[in-house]
Amino acid sequence: MSAALTSALTPALHLAQIGFAQISPLDIFALPFMWRALLTVAILALAAGAVGLFISFRELEFVSDGLVHSVFPGLVVGAALGGSAGLLPGAVIAAILAAVLFTVIEHRGGVGADAAIAVVLTGLFSLGVVLVSRQEGYVSQLQELLFGRLLTVTGTQLWQILVVAIVAVAIVGFTWRAQLFRSFDAAGAEAAGFRLLRADLALGIAVALLVVAGVQALGVLMVIALLTVPMAASRLVTRRFALLIPIAVLLPLAAGIAGLWISFEWSVSRDATVSPGAIVVLLLVAAYVVAALARVGVTALRRPGRA
């Protein structure tokens with residue numbers, strides 16, 4: 001178990017002596033590091049529900065993946081220059097730079113979105129690996145940056161995540177009509193007077209900021225699941241537009257509660273090092289699989305004449 005996680009679990013040792021079976025959920029989530037982790041998941045779930053709507057409608061899952069990986073060098077440089085306090089500024093700069101590069105290359109570079117993402121993603125992520133490999137203990141640092149530290153989120157980091165998430169949602173809110181029109185009819189949106197480049201830049205920056213908000217807790221490789229999986233599952237569950245965001249918010253909230261509970265139980269009662277972020281993501285993927293199977297079953301029942 002890492003030193004940071006061991007330190008975070010110290011207040012729970014008394015509960016472990018009592019016996020996990022006798023511990024209520026209220027006792028567990030009353031622990032400071034547990035309620036901060038749960039509040040972090042709740043903030044990210046709410047923000048990802050709003051921003052993820054247009055990621056799904058615009059089929060920008062690969063763009064989100066590219067932004068997540070492009071944030072990596074910013075995290076490395078920020079950590080090297082300012083320690084934990086430098087993570088957020090470094091990530092914000094890298095994320096916004098990557099979002100602008102993606103959008104400008106796609107609109108002005110004469111290449112497709114996938115090609116633009118591939119160029120920026122491979123270049124920036126490789127730069128991050130080179131930078132982190134020059135530091136002592138880079139293997140553990142790389143692991144923390146990739147998989148996150150949900151149980152060790154500090155009060156300062158929580159406020160940073162909240163502010164960045166609010167800004168991301170506000171950007172989407174201010175450009176809501178343009179984003180909605182752009183998602184369903186790009187040519188019509190342009191004819192109606194909406195500037196596609198401005199709308200795309202706004203959405204790209206909002207996604208980038210949300211990536212920054214989530215990457216400190218969930219890590220580079222796992223924040224993409226929060227941005228894409230809940231809305232994908234929501235669209236399988238319902239066709240009603242008004243229910244898409246609520247369902248996409250409730251799914252990660254439920255997965256967060258269950259994932260934190262499981263990671264606590266394994267870490268305390270079984271003395272096993274478990275990544276709560278990884279468990280949350282696995283639960284989200286499991287929910288998507290269940291929704292997909294249910295959708296296939298319902299479709300098969302409605303069309304009995306087809307194989």
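Model, not experiment: these values are computed from the prediction. (Residues numbered from 1 in each chain as written. Predicted model: local features only at pLDDT ≥ 70, side-chain atom pairs only at ≥ 80, totals over all residues. Heavy atoms only, no water.)

Trainee: Summarise the overall build of the protein; cite the residues concerned and give the values.
Mentor: For the protein, the helix and strand inventory stands at 15 helices and zero strands. Burial statistics for the protein: of 307 residues in total, 45% are counted as buried. Contacts spanning at least 24 positions in sequence make up 75% of the contacts within the protein whose residues lie at least 6 apart. (Helix = DSSP H or I, 4+ residues; strand = E, 2+ residues; numbered from the N terminus. Buried < 20%, exposed > 50% of the residue type's maximum accessible area, 1.4 Å probe, protein only. Contact = heavy atoms within 4.5 Å.)

Trainee: Residue-level account of the pattern of salt bridges, with values.
Mentor: Under the definition given, this model contains two salt bridges. Put simply, Arg58 and Asp200 hold a salt bridge, and the shortest N to O gap is 3.1 Å. In this pair, Arg58 sits in the loop between helix 4 (32-57) and helix 5 (61-82) while Asp200 sits in helix 12 (residues 196-218), placing the two residues 142 residues apart along the sequence. Accessibility classification places Arg58 together with Asp200 in one group, the buried group. Between Asp200 and Arg182 there is a salt bridge, and its shortest N-O distance comes to 3.1 Å. Note that Asp200 is positioned in helix 12 and Arg182 in helix 10 (residues 176-184), a separation of 18 residues in sequence. Taking the relative accessible area as the measure of exposure, Asp200 reaches 6% and is therefore buried. Among the ionic contacts, a cluster of salt bridges with common partners joins Arg58, Arg182 and Asp200. (Salt bridge = Lys/Arg side-chain N within 4 Å of Asp/Glu carboxyl O.)

Trainee: So, the nonpolar core: which residues are in play, and what are the values?
Mentor: Counting residues in hydrophobic clusters, the biggest one holds 66 residues, and the most contacted among them are Met34, Leu67, Val207, Leu210 and Val211. Counting residues per element, this core draws most heavily on helix 4, which supplies 13 residues. Contact partners of Val207, with chain neighbours within four places excluded, come to Val51, Ile55, Ser64, Leu67 and Leu227. (Core = buried A, V, L, I, M, F, W, Y, C linked by side-chain atoms within 4.5 Å.)

Trainee: Summarise the packing of aromatic side chains; cite the residues concerned and give the values.
Mentor: A full pass over the atoms with the stated rule returns four aromatic pairs. Taking 6.1 Å as the distance between ring centres and 25° as the angle between the ring planes, the aromatic pair formed by Phe57 and Phe241 counts as stacked. Taken together, the positions of Phe57 in helix 4 and Phe241 in helix 14 (residues 241-269) put the pair 184 residues apart, joining distant regions of the chain. Phe57 gets classed as buried once you look at its relative accessible area, which sits at 14%. Judged by centre distance (5.7 Å) and plane angle (70°), the ring pair of Phe181 and Phe194 falls under edge-to-face. With Phe181 in helix 10 and Phe194 in the loop between helix 11 (186-191) and helix 12, this pair connects stretches of sequence that are 13 residues apart. Residue Phe194 is classed as partly exposed on the basis of its relative accessible area of 24%. These aromatic residues form a ring-pair network of at least three members: Phe57, Phe184 and Phe241. The cationic tip of Arg36 hangs over the ring face of Trp35; the distance from NZ or CZ to the ring centre is 5.9 Å. (Phe/Tyr/Trp six-rings, centres within 6.5 Å; stacked < 30°, edge-to-face > 60°. Lys NZ or Arg CZ within 6 Å of the ring centre and 35° of its normal.)

Trainee: An account of helix 13 (residues 223-237) is requested, with residue identities and associated values reported.
Mentor: Under the 1.5 Å per step criterion, the end-to-end length of helix 13 is 22 Å for 15 residues, consistent within 8% with the ideal 21 Å. Along helix 13, the residues that are buried comprise Val223, Ile224, Ala225, Leu226, Leu227, Thr228, Val229, Pro230, Met231, Ala233 and Ser234. (Expected span 1.5 Å × (residues − 1).)

Trainee: Residues and numbers for the confidence of the model for the protein, please.
Mentor: Taken residue by residue, the protein gives an average pLDDT of 78. The fraction at 70 or more is 78%. pLDDT under 50 marks residues 9-18. Its contacts with residues more than four places away, or in other chains, come to 12 contacts. (pLDDT = per-residue confidence, 0-100.)

Trainee: Quick rundown of the packing of helix 4 against helix 9 (residues 155-174)? Include the residues and the values.
Mentor: The geometry of helix 4 relative to helix 9 is characterised by a closest axis approach of 10 Å and an angle of 15° between their N-to-C directions. With respect to helix 9, the element helix 4 is oriented roughly parallel. Every pair of crossing elements has a handedness; the one defined by helix 4 and helix 9 is left-handed. Residues Trp35, Arg36, Leu39, Thr40, Ile43, Leu44, Ala47, Ala50, Val51 and Phe54 of helix 4 pack against Gly155, Leu158, Ile161, Leu162, Ala165, Ala168, Val169 and Val172 of helix 9. By residue class, the composition of the contact of helix 4 with helix 9 is 15 nonpolar, two polar and one charged. (Axes fitted to C-alpha atoms, helices over the stretch in contact; angles between N-to-C directions. Parallel < 35°, antiparallel > 145°, perpendicular 65-115°, else oblique. Left-handed = near helix turned anticlockwise from the far one by under 90°. Nonpolar A, V, L, I, M, F, W, Y, C, P; charged D, E, K, R; others polar.)

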